[in-house]
Amino acid sequence: MSSAGVDLYEVLGISKGASKDDIRKAYRKAALANHPDKVAEAEREDAEVRFKAVQEAYDILYDEEKREIYDAHGMGAFNGSGEPGMGAGGPDLDDILAQMFGMGGMGGMGGMPGGPQARKPRRSPNEEQKYEVRLEDLYKGKTVRFAVTKNVICSLCHGKGGKERATARQCATCDGQGVRQVLRQVGQFMSPSMVTCSTCSGHGEYFIDKEKCKKCKGKRTSEAKKMLEIYIPRGAREGDKIILEGEADQVPGQEPGDIVFHLVEEEHETFRRAGSDLTATIDVTLAEALTGFSRVVVKHLDGRGIEVTHPKTPGEVLSPGQVLKVPGEGMPVKRGDARGDLYLVVNVKFPDAKWKPSAAVLEHLKEMLPKPDAPITAETVDEVEYDPKGNLDDFGANDPEGGSAWEDDEEEGETAQCATQ
Ligand SMILES: [Zn+2]
Ligand SMILES: [Zn+2]
């Protein structure tokens with residue numbers, strides 16, 4: 001297929017003076033654009049031809065020795081294999097795919113036992129991780145900078161894994177496919193399944209020790225430190241994803257995946273959140289509940305004191321569990337000025353044992369406070385003893401059917417009904 005007249009520089013769309021880096025970049029671009037898996041069915045055959053041409057151009061131009069021969073003698077010096085003077089046939093598309101994308105062409109091009117798990121992705125995997133955020137930061141928004149250590153394509157060999165002039169050897173274990181078929185026991189049957197070849201780490205080829213890249217020792221990637229920054233928008237919530245595109249580990253021949261942070265909201269000691277609303281419990285003394293107050297009842301997530309004046313109408317008292325709804329003091333809503341509401345739940349603090357009122361004071365209070373309802377009348381009256389510190393957890397706990405009076409009350413109710421009918 002390589003005709004003597006073809007201009008390899010033209011195939012890659014570069015100039016005669018292009019650097020190795022230019023060649024590599026042009027190759028990546030052209031190879032991806034002409035990848036047979038990425039074009040419509042009808043164009044596939046043409047794409048395969050172009051794809052092979054791009055691969056051949058790269059093989060020759062990226063290798064300094066071959067590039068010199070080509071520049072001096074043109075394609076006539078090559079015989080179609082990209083190897084001057086060697087008589088092998090043209091490169092096999094499957095091999096090319098295996099080299100480029102760490103997969104056999106078969107995965108993408110028409111089925112083979114083993115199924116989709118045998119195919120390697122053309123994008124390195126995303127890195128998913130949890131990211132715990134304080135409610136304060138979700139309220140105000142926050143920028144976080146941090147250092148990561150990640151695998152990047154080796155800068156010395158550009159992901160080749162070998163020295164500049166070295167040629168990789170095809171892996172004999174996997175026939176250059178990068179994957180091997182093994183038999184796995186599934187139930188009582190042996191079922192074929194594909195695994196990454198351990199000899200070549202799935203590359204389908206390898207370099208002998210003395211030809212390995214000095215920097216990455218043939219691994220094709222090396223570790224690098226990088227500063228990353230994420231922005232947590234105000235109003236973000238649990239489960240939101242923050243994506244750093246292309247920042248996952250780099251894998252030669254693959255587009256890098258993303259780092260994906262899944263936000264997890266830390267529990268807050270004062271506020272609870274539901275959507276864009278917030279709730280908090282406020283402590284109010286019995287005297288305040290009865291006579292009113294005007295003070296800061298809670299410190300908001302941005303540090304502001306939230307002041308409440310009660311009552312608005314003279315004489316109104318606060319009851320335990322009463323809810324004061326403060327419009328617009330909830331969480332901000334993402335990408336907008338709207339805010340949820342704040343629900344303040346009143347906890348009336350009754351006097352504790354330290355309060356030692358005199359009999360006269362109590363008598364006075366009794367006189368001032370509302371009188372009790374009319375007494376309950378009954379034919380017989382028993383005065384009983386009691387435990388002043390009873391606990392509702394004990395309620396139903398002695399039930400022989402498991403003390404599950406709370407959970408199973410529907411079924412129990414039915415049984416009880418049947419029994420009484
Ligand atoms: Zn290297
Ligand atoms: Zn192998």
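Residues numbered from 1 in each chain as written. Chains lettered and ligands numbered in written order. Predicted model: local features only at pLDDT ≥ 70, side-chain atom pairs only at ≥ 80, totals over all residues.

Under an unreviewed UniProt entry, the name given to the protein is Protein import protein mas5, and the organism recorded is Aspergillus heteromorphus CBS 117.55.

**Q** For the overall build of the protein, give the residues involved together with the corresponding values.
**A** When its secondary structure is counted, the protein shows ten helices and 15 strands. Put simply, the protein has 421 residues, and 21% of those count as buried. Nonlocal contacts in the protein, meaning residues at least 24 apart in sequence, comprise 63% of its contacts between residues at least 6 apart. (Helix = DSSP H or I, 4+ residues; strand = E, 2+ residues; numbered from the N terminus. Buried ≥ 20, exposed ≤ 12 C-beta atoms within 10 Å, placed from the backbone. Contact = placed C-beta atoms within 7 Å.)

**Q** Before we move on, could you go through the pairing of strand E9 (residues 259-265) and cite the residues and values that matter?
**A** Both strand E1 (residues 127-133) and E9 contribute to a ladder of seven bridges, which runs parallel. When the bridges of E9 are listed, Glu128 appears paired with Val260. Taken together, the four bridges between strand E8 (residues 241-244) and E9 define a ladder with antiparallel strand orientation. The residue bridging Ile242 from the neighbouring strand is Phe261, located in E9. (Pairing = 2+ DSSP bridges.)

**Q** Summarise unusual backbone geometry; cite the residues concerned and give the values.
**A** What you tend to see is this: most non-glycine residues have negative phi, and most peptide bonds are trans. Cis geometry is found at the peptide bond from His310 to Pro311, where omega equals 0°. Residue placement: Pro311 occurs in the loop between strand E13 (305-310) and strand E14 (323-326). Notably, Lys217 is not glycine yet its phi reads approximately 55°, a positive angle. Relative to the assigned elements, Lys217 resides in the loop between strand E6 (205-206) and strand E7 (221-232).

**Q** Which residues make up the nonpolar core, and what values go with them?
**A** One finds Leu138, Tyr139, Val284, Leu318, Leu344 and Val346 to be the most contacted residues of the largest nonpolar core, which totals 15 residues. The set of elements that each furnish at least two residues to this core consists of helix H7 (135-140), strand E11 (277-285), strand E12 (293-299) and strand E15 (342-349). If you tally residues by element for this core, the top one is E15, at three residues. Setting aside residues up to four positions removed in sequence, Tyr139 forms contacts with Arg234, Leu301, Asp302, Met331 and Pro332. Leu8, Ala26, Ala30 and Phe51 belong to the second-largest nonpolar core, a separate cluster that totals 14 residues. (Core = buried A, V, L, I, M, F, W, Y, C linked by C-beta atoms within 7 Å.)

**Q** How would you summarise the sheet that holds E14 if you had to cite specific residues and measurements?
**A** Ordered by their spatial adjacency, four strands build an open sheet running E10-E11-E15-E14, and the pairing between neighbours is mixed. The sheet is open, and its two borders are formed by strand E10 (271-274) and E14, each paired with just one other strand. Each adjacent strand pair in this sheet contributes to an overall mean axis angle of 30°, direction not counted. (Axes fitted to C-alpha atoms, helices over the stretch in contact; angles between N-to-C directions.)

**Q** Outline the packing of helix H2 (residues 20-33) against helix H3 (residues 44-62), listing residues and values.
**A** Their axes nearest at 10 Å, the elements H2 and H3 cross at an angle of 170°. The angle between H2 and H3 falls in the class roughly antiparallel. Side by side, H2 and H3 meet where Lys20, Ile23, Arg24, Tyr27, Ala30 and Ala31 of the first sit next to Phe51, Val54, Gln55, Tyr58, Leu61 and Tyr62 of the second. For the contact of H2 with H3, the residue count by class is nine nonpolar, one polar and two charged. (Parallel < 35°, antiparallel > 145°, perpendicular 65-115°, else oblique. Nonpolar A, V, L, I, M, F, W, Y, C, P; charged D, E, K, R; others polar.)

**Q** Run through the confidence of the model for the protein, naming residues and quoting values.
**A** Averaged over all residues, the pLDDT of the protein equals 82, while 82% of them reach at least 70. Predicted confidence is poor over residues 81-118, with pLDDT under 50, and the contacts of this stretch with residues over four places away or in other chains come to 75 contacts. A low-confidence stretch, residues 408-421 stays under pLDDT 50, and its non-local contacts, those more than four residues away or across chains, total one contact. (pLDDT = per-residue confidence, 0-100.)

**Q** An account of the sheet that holds E8 is needed here, citing residue identities and associated values.
**A** One open sheet holds the three strands; their spatial order is E1-E9-E8, and the pairing between them is mixed. Edge positions in the sheet fall to E1 and E8, since each of these pairs with one other strand and no more. Averaged over all neighbouring strand pairs, the angle between strand axes comes to 25°, with direction disregarded.

**Q** Lay out the environment of Ala147 with the relevant residues and their values.
**A** Summarising the element assignment, Ala147 is placed in strand E2 (residues 142-153). Here the alpha-carbon distance between Ala147 and Leu228, two residues 81 residues apart in the chain, equals 6.0 Å.

**Q** Describe H2, with residues and values.
**A** Given a rise of 1.5 Å per residue, 14 residues ought to cover 20 Å, and the 20 Å separating the end C-alpha atoms of H2 matches this to within 8%. For H2, the complete set of buried residues consists of Ile23, Ala26, Tyr27 and Ala30. Along H2, the residues classed as buried sweep out an arc of 105° about the axis, all on the same side. The secondary structure elements touched by the buried residues of H2 are helix H1 (8-12) and H3. (Expected span 1.5 Å × (residues − 1). Arc of directions from axis to C-beta.)

**Q** How would you summarise the environment of Leu61 if you had to cite specific residues and measurements?
**A** Its location among the elements puts Leu61 in helix H3. Distance from Leu61 to Tyr9, taken between C-alpha atoms, is 8.1 Å for residues 52 residues apart in sequence.

**Q** Can you explain the pairing of E12? Please cite residues and give values.
**A** Where E12 lies against E13, six bridges are found, and the strand directions are antiparallel. Bridge pairing in E13 places Phe293 opposite His310. Following E12, the chain reverses through five residues before pairing antiparallel with E13; Gly303 in that reversal takes a positive phi of roughly 95°.

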